[in-house]
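Fold and contact review
Chain by chain, the residues:
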Amino acid sequence: MTKIGILTGSLRKAAYSKKVANELANLLPVRMTPVFMEIAQLPLYNADLDDADLVPAWETFRQQLDDVDSLIIVTPEYNRGMTGALKNAFDVGSKRQNHWKNKAALVASSSPGTIGGFGANQQVRQVLVTLNVIPVQRPEVYLGHVNHLFDDQGLMTNPKTIAFLQTAINAFVSLQSRLKTPADKVAAPLMRYEPGRFYIRDEGGIVLAEIIFHDQQNKRIRITDVQVSELLREPETTDQLILRVLRFAQIHQLTIIPDADQARTFVTKHPKYRRWFTLGE
Ligand SMILES: Cc1cc2nc3c(=O)[nH]c(=O)nc-3n(C[C@H](O)[C@H](O)[C@H](O)COP(=O)(O)O)c2cc1C
């Protein structure tokens, strides 16, 4: 499994940049596991304390960086730059040895303003040069008017924005596979996401597999239908579809009502995922 470290520059609980990061994590292929990394607990970098080994949180963060293969970085903009918290995290991770190096990164910025945090995004890219992190060049991701992109449950609703973020994730996956080991290069059918559905289609646009789920409010979603063409491998494809919805639920802290036979079978087959499902409704 490839691990993708996800960092956001905001410390705010309801941060838009965290919601954008959730959406990007949701669009990753199943073989890539999102690892949400906290930076709020990192004291401001001070080489005297580092030399005396006085801040365990710095070392923990460095180990977490060593443990992930690549990065998704979402920054808000503070005074035309990145946040102090994010710059501090870059500094902490760069000392003792450079714990950022040789990773691929997708950089995204967001703002309620019109220019989508362009200044912050460019500043992050500038720092990545010296850290020897290779960023996705295009598409550049500057999300303006970010305060209008989410519903009450914190879910992104605009299919055009989701499709745009998917192109950014596809570029990131392609960059990552160029940089990393052959095991990461396993070809898998591309799964797409639209609000309420994940699906796979062939080159002609025919849908070969899909899972439908409805937003139920009260932090619940209901899986109502799973369809898989006999051209695709079973039960792997059904499991992949359900795992995508499961990860969607985990990211957005929702529970799932399995209102389709395949989803109920999945829970029986994989009891370790049971706590994400509400049975008997
Ligand atoms: C100290 C500070 C400086 C800011 N400077 C900018 C700025 O330069 N450009 C901008 O678009 N928004 C700026 N904002 C507004 C932020 O974009 C807005 O608060 C945003 O919601 C913060 O991101 P978050 O929702 O991820 O926490 C600033 C906010 C703060 C607190």
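Residues numbered from 1 in each chain as written. Predicted model: local features only at pLDDT ≥ 70, side-chain atom pairs only at ≥ 80, totals over all residues. Heavy atoms only, no water.

This next bit is on the site of the ligand. Close to the ligand lie Ser10, Arg12, Ala15, Tyr16, Ser17, Pro76, Glu77, Tyr78, Asn79, Arg80, Ser111 and Pro112. A distance of 2.7 Å is found between an oxygen atom of the ligand and a side-chain nitrogen or oxygen belonging to Ser10. Glu77 is positioned such that a nitrogen or oxygen atom in its side chain is 2.7 Å from a nitrogen atom of the ligand. If the ligand stood free it would expose 620 Å²; the protein chains cover 69% of that surface. The class makeup of the residues in the shell around the ligand is five nonpolar, four polar and three charged. (Near = heavy atom within 4 Å. Polar contact = N/O pair within 3.5 Å; in protein donor to acceptor, adjacent residues only side chain to side chain. Areas by Shrake-Rupley, 256 points an atom, 1.4 Å probe, with all protein chains shown as cover. Nonpolar A, V, L, I, M, F, W, Y, C, P; charged D, E, K, R; others polar.)

Okay, the UniProt feature "domain: NADPH-dependent FMN reductase-like" (unreviewed entry) in the protein next. Listed under "domain: NADPH-dependent FMN reductase-like" (unreviewed entry) in the UniProt record, and renumbered for this structure, are residues 2-146. Between the end C-alpha atoms of residues 2-146 the distance is 29 Å, and the span holds 37% helix and 21% strand. (UniProt positions renumbered as here; feature names shortened; annotations may be inferred. Helix = DSSP H or I, 4+ residues; strand = E, 2+ residues; numbered from the N terminus.)

The next thing to look at is the pairing of strand 9 (residues 207-217). In terms of strand pairing, strand 8 (residues 197-201) meets strand 9 through five bridges, oriented antiparallel. Note on strand 9: the bridge partner recorded for Arg201 is Val207. The hairpin formed by strand 8 and strand 9 contains five residues between the paired strands, and Gly205 there has a positive phi angle of roughly 95°. With eight bridges connecting them, strand 9 and strand 10 (residues 220-228) associate as antiparallel partners. Its bridge partner lying in strand 10, Ile212 is registered against Asp225. Between strand 9 and strand 10, which pair antiparallel in sequence order, lie two residues; one of them, Asn218, sits at a positive phi of approximately 45°. (Pairing = 2+ DSSP bridges.)

Moving on: the UniProt feature "domain: N-acetyltransferase" (unreviewed entry) in the protein. Under the feature "domain: N-acetyltransferase" (unreviewed entry), the UniProt entry names residues 197-274. From the first C-alpha to the last, residues 197-274 spans 21 Å; its make-up is 33% helix and 37% strand.

Here we take up the domain arrangement of the protein. Interfaces are often described in size by the accessible area the parts lose on coming together. Taken domain by domain, the protein holds domain 1 (2-185) and domain 2 (191-276). If you average the C-alpha positions of domain 1 and of domain 2, the two centres end up 27 Å apart. Between domain 1 and domain 2, the contact holds 19 residues from the first and 17 residues from the second. Carbon and sulfur atoms make up 54% of the surface buried where domain 1 meets domain 2, a total of about 1500 Å² over both sides. Viewed at the interface, domain 2 and domain 1 are joined by zero salt bridges. Across the domain 1-domain 2 interface, the total number found is nine residue pairs in polar contact (both at pLDDT 80 or more). Looking at the side of domain 1 that touches domain 2, the elements that each hand over two or more residues are helix 1 (16-26), strand 2 (32-36) and helix 6 (159-179). A total of four residues in the side of domain 1 that touches domain 2 trace back to one element, the largest contributor, which is helix 1. Per-class residue counts for the side of domain 1 that touches domain 2 are 11 nonpolar, six polar and two charged. (Domains from an automatic or database assignment. Contact = heavy atoms within 4.5 Å. Buried area = accessible area lost by both parts, 1.4 Å probe. Salt bridge = Lys/Arg side-chain N within 4 Å of Asp/Glu carboxyl O.)

Closest axis-to-axis distance for the helix 1/helix 7 (residues 236-252) pair is 10 Å, and the angle between their directions is 165°. Considering the angle they form, helix 1 stands roughly antiparallel to helix 7. In this structure, helix 1 crosses over helix 7, and the sense of that crossing is right-handed. Residues Asn22, Glu23, Ala25 and Asn26 of helix 1 lie in contact with helix 7, whose contacting residues are Arg244, Arg247, Phe248, Ile251 and His252. Taken together, the residues that form the contact of helix 1 with helix 7 break down as three nonpolar, three polar and three charged. (Axes fitted to C-alpha atoms, helices over the stretch in contact; angles between N-to-C directions. Parallel < 35°, antiparallel > 145°, perpendicular 65-115°, else oblique. Left-handed = near helix turned anticlockwise from the far one by under 90°.)

Turning our attention to the pairing of strand 7 (residues 191-194). In strand 7, alternate side chains face the same way, and those of Met191 and Tyr193 are buried while those of Arg192 and Glu194 on the opposite face are not. Between strand 7 and strand 8, which pair antiparallel one after the other, the connecting turn spans two residues, and Gly196 there sits at a positive phi close to 90°. (Buried < 20%, exposed > 50% of the residue type's maximum accessible area, 1.4 Å probe, protein only.)

On to the environment of Ala47, then. Mapped onto the elements of the fold, Ala47 is located in helix 2 (residues 47-51). Residue classification places Ala47 among the partly exposed positions, given a relative accessible area of 36%. In this structure, the C-alpha to C-alpha distance between Ala47 and Leu7, residues 40 residues apart in sequence, is 23 Å.

Here we come to unusual backbone geometry. Pro139 follows Arg138 through a cis peptide bond whose omega is 5°. Positionally, Pro139 belongs in the loop between strand 5 (134-135) and strand 6 (141-143). Between Glu234 and Pro235 the backbone carries a cis peptide bond, its omega angle lying at 0°. A positive phi angle, near 65°, is found at Arg80, a position not held by glycine.

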